[in-house]
Amino acid sequence: MEERKVLLIEDEPNIIEAIRFILSRDGWRVDTHSDGKSAVEAVRERAPDLIILDVMLPNRSGYDILNDLRGAEETHDVPVLMLTARGQTKDRELAERLGASRFMTKPFSNREILETVRELVG
Amino acid sequence: MSFDLLALVCASYVIGLFAIAFWADKRAEAGQSSWLNSPLIYTLSLSIYCTAWTFYGAVGYAARSGMEFVTIYLGPTLVMVGWWLLLRRLVRIGRTQRITSIADLISSRYGKSNLIGVLVTLLAVVGTMPYIALQLQSVTLSFDVFSANPGEGLNQTAFVVAAGLAAFTILFGTRNLDMNARHHGVVIAIAVEAVVKLVALLAVGIFVVFILAGGPGSMMDVISASPIAEQSIRPERWTVLIALSAMAFICLPRMFQVMVVENYDERHLATASWAFPLYLFLMSLFVVPIAAIGLNVLPDEANPDLFVLTVPLEFDRDALALLAFLGGFSSATSMVIVAAIAVSTMVSNHVVMPIWLSQRQGGATVSGDVRSVVTLSRRLSIAGLLALGYLYYVFSGGGGALAAIGLIAFTGMAQVMPALVGAIFWRGATRYGAAAGITVGFTVWLWSSFLPSFGAGGIISADVFENGPFGIGMLRPQALFGIDGLDPLVHAVFWSLLLNTFAFCLVSLLTLPTPLERLQGATFVNVFRYSENAPGWTGGAAEAEDLLMMSQRILGGREAQDLFISEAQSQGKEGYLPDVTPAFLERLEREMAGSVGGATAHAMLMQITGGEAVSVEDLIKVADEAQQILEYSSQLEAKSAELGRTADQLQQANEKLVALSVQKDGFLSQISHELRTPMTSIRSFSEILMQGENMSSGERQRYSQIIHDEAIRLTRLLDDLLDLSVLENGQVTLNERSEMLDAILDRAIAATATPEQYIEIQREPPMEAVPLFTDGDRLAQVFINLISNAGKYCDAEEPKLQIEVHMLDGRRVVDFIDNGTGVPPDVQKVMFEKFARGTDHRAAGGAGLGLAICREVMKRLGGDVIYLPDREGSAFRVVLPEARQAAA
């Protein structure tokens, strides 16, 4: 079975480390990218099975990135799990409207994120 | 000749007068009054000066005192000849100010003071009363001459005469409701009477001179032989009498009425200035001959006051006697009628109306019933005045010679003279002065002239005459201030007018005029400057069409047309343009007053009709109304400007609130983010650790470290938030004390010395030796922030931080300049805001509140922190608080 790839777009080093730990134990290959501007290119390059996307990124917002991803044919169907530390309803709504597969508010439980990832790439 | 015939003739004469008056009024109403307005009629109307007193009394006067009677004619003659000086002013003022009586003129001049109006009215009533009595007496006496039973029923005759005169006056004197309108019927009637009395006197005179005496030559002989020739001229009496009659000519209410109020055209004065003296000359021409013959042919006990009648009767010239009787009757009635009109106008305007209006709520509500009240009050005043005259006649017992009563009345009315002269020549004259003068003069006249006229033991007891009131000799009625031996008349005139004038001048000088008085004063004194043209009232000149156009602008097209059409219909005219009658103008003015105010309406109508110059008073009223409107509209403007400002402020406040709300949302969102991010790490790693899965001890160690670091980060964030909140709310307590700058810098550098964020710091110790008086810990907090920022962000290979202290514009500044690439311009703009972190905030470790806190702290301390954009690296400048004297 081919190795499943997840691209984590996040700028907090400690959070990156935590997610990497959780997912790699489950057999995922975790690539990371921490800049908003070049995020879409990184997605094209890595062609991940799943994207975990933070909203508050340096230089470009996660929403804009999501919008681009959903607008492009090759990334149109890639599942995207959005993470945000701003847990307001309007953030969730915006994410869903833009086509996010799931939306999770920080802080999350490890089990929660693991199950969600498994679900999305079932 | 029978008494019945006399009564019949008399009644016919009166009926004839009624008819003439009625006819003249009709003509005037129809607008065909041109010849009624001739200078001749005006001159003849002035002849009411010649009353029964002059007609009968002059002869009696001459029989008793010789030529002195001439003074009564000389005074008015002087006034008429000098009309340019005084009369012209009075007439002009009367026209321009729409004066209704002498009381009105004086009260108008003194700031519309009703007190003055009442005083003059009182004077007029008291002064006119004996005069009317005098006329009643003369008519009664002349009737008695023809009576079968002489001496009987005198009072009844007087009563009938008084009642008849009251009826005539009420009928013709109050027909026209406009108080300012002229009484055409009355004027014509008195003009006719003027002719009758002149003709009668001339007829008797010619009879005496040419028939009885046999020609002028022999007449002179008779006069020379008579006692008249023996009378000597008393200069002091002559002077006083000429002056007195001149003043009376001007001040008597009836004279003012015909001369000023009934005047149609100012130019008539020029004609009257020679025609009236001529009339007086003719009236006086045969006085001495009649007196001389009377004394000669009639028994000693015959009353000289009746010579005009009794001489023809003595020679059985019944027709001549009848003519003479009619002349005397004319003299008496014309005087009474005009005097009653004049005085009743005063009483009504200055006494009754003010009382009536003050009794009603709303004061001067001009409604329809006011006019009926005016008419009623004037009618009652006329009846009342004649009743008073009758009562005076009854109670004075018909005593005293006619001439004496006349002079008493003259003296009374002359008390108005100082105030009148002051009114038109002296701008400094005030209402208080006028009131004081009139009151003093009136009092002195009452005491020294009027009350004594009832004779000793009448109203004033003989004792008071002899010894003065309460034995005060100084106040004896006919010897005031102990000056004895003067002729009573000279005495009364002298003291009353002297004290009157003195009081008037003194009080005027001591008091200040009100603004309206000032203005009226200027108008009156400079009447010719203010009214170059005072054309007569010519209602017909107004074009109905012009009026309609104007009314439409004010009343609205439809209402104005309806008004004009209804007026035209009521006049019996077809179409929409009625005749411009005074009644219509009044109606129009009332209608317009409802829209634009009375003063404006009057002024506008006057402009179009050109009937009368717009008076200054009109203009003041217009200005007042305009002023009120102006004030009101400027108030509205101010209010709307205020509303506008309030709306702007609300708008601004609203925008501010919206911005604040957005800012607050953003802030909460930021805080949420800053709190949740470390929490995420803590939760994740603690769960990893809890599961205790197989991991190296190095991993375990590292994850614990992360949890620890993130917990500290959280704590610091909360500390910063609290600090900022305290600083922003101004609740911070500063612990200010004296401290050296270098010591504070030392502390700050020590606090930031961490191995992972090493930066070489370059200082200039000599420059740092600066004593400060401030909160050293807070200042150190700012320095720590800047130094640690340099440590975090300086991207040079060998990071260096230069700390420079120097003076700039009198302020000490501390610059922190590193050797990195500096803060990007877009970040520069926002970095002092909360949560405005630079691009790469992973390295920052802080929550982005540091610089915001720095700025708040510096502001609290009285300094500032700014960024210096034009330096090589990042350059922050701390402006230290202004040096303050350390507290001792």
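Residues numbered from 1 in each chain as written. Chains lettered and ligands numbered in written order. Predicted model: local features only at pLDDT ≥ 70, side-chain atom pairs only at ≥ 80, totals over all residues. Heavy atoms only, no water.

### Considering the interface of chain A and chain B
- Listed by partner, the interface residues are 24 residues for chain A and 26 residues for chain B.
- In total, chain A and chain B occlude about 2400 Å² of area from one another, counting both sides; carbon and sulfur atoms represent 52% of this.
- Here chain A is connected to chain B by 2 salt bridges.
- Across the pair B:R713 and A:E12 runs a salt bridge, and its minimum N-O distance is 3.1 Å.
- Linking chain A with chain B are 9 residue pairs in polar contact (both at pLDDT 80 or more).
- Secondary-structure elements contributing two or more residues to the side of chain A that touches chain B are α1 (13-25) and α5 (110-120) of chain A.
- Broken down by class, the residue content of the side of chain A that touches chain B amounts to 10 nonpolar, 7 polar and 7 charged. (Contact = heavy atoms within 4.5 Å. Buried area = accessible area lost by both parts, 1.4 Å probe. Salt bridge = Lys/Arg side-chain N within 4 Å of Asp/Glu carboxyl O. Polar contact = N/O pair within 3.5 Å; in protein donor to acceptor, adjacent residues only side chain to side chain. Helix = DSSP H or I, 4+ residues; strand = E, 2+ residues; numbered from the N terminus. Nonpolar A, V, L, I, M, F, W, Y, C, P; charged D, E, K, R; others polar.)

### Digging into the sheet that holds strand β2 (residues 29-33) of chain A
All names here are of chain A.
- Strand order in this open sheet of 5 strands is β2-β1-β3-β4-β5, and the pairing throughout is parallel. Since the sheet does not close on itself, it has two edges, and those belong to β2 and β5 (102-105), each with one partner. Adjacent strand axes in the sheet meet at a mean angle of 20° when their direction is disregarded.
- Looking at chain direction, strand β1 (residues 5-9) and strand β3 (residues 50-54) are connected through 4 bridges and run parallel. Bridge pairing links L7 to I51 in β3.
- Packed onto the sheet, helix α2 (residues 39-46) meets β1, β2 and β3 and runs at close to 170° relative to β1.
- Strands β3, β4 (80-84) and β5 of the sheet are contacted by helix α3 (residues 62-71), whose axis makes an angle of about 170° with β4. (Pairing = 2+ DSSP bridges. Axes fitted to C-alpha atoms, helices over the stretch in contact; angles between N-to-C directions.)

### Some remarks on the nonpolar core
Residues and elements named next belong to chain B.
- Formed by 169 residues in total, the largest nonpolar core has its most connected members in F325, F410 and L420.
- In this view, F410 contacts Y49, W53, I72, Y131, L244, S245, A248 and L252; residues no more than four positions away in its chain are not counted.
- Judged by nonpolar contacts, the second largest core, of 45 residues, contains I744, L779, A780 and C794. (Core = buried A, V, L, I, M, F, W, Y, C linked by side-chain atoms within 4.5 Å. Buried < 20%, exposed > 50% of the residue type's maximum accessible area, 1.4 Å probe, protein only.)

### Topic: the side chain of A:K106
- Note that A:K106 resides in the loop between β5 and α5.
- At a separation of 2.9 Å, a polar atom in the side chain of A:K106 contacts the side chain of A:E10.
- Setting aside its immediate chain neighbours within four residues, A:K106 contacts A:E10, A:I15, A:D54, A:L83, A:T84, A:A85, B:R676 and B:T680.

### Some details on the sheet that holds strand β7 (residues 811-818) of chain B
Residues and elements named next belong to chain B.
- If you trace the 5 strands from one edge of the open sheet to the other, you get β4-β6-β7-β9-β8, paired in mixed fashion. The open sheet has two edge strands with one neighbour each: β4 (760-762) and β8 (864-867). Looking at each pair of strands side by side, their axes are set apart by 20° on average, direction ignored.
- The pairing of β7 with strand β9 (residues 875-879) spans 5 bridges and is classified as antiparallel. Within the sheet, the bridge partner assigned to V813 lies in β9 and is V879.
- Strand contacts of helix α35 (residues 850-861): β8 and β9, with the helix running at about 140° to β8, the strand carrying the most contacts.

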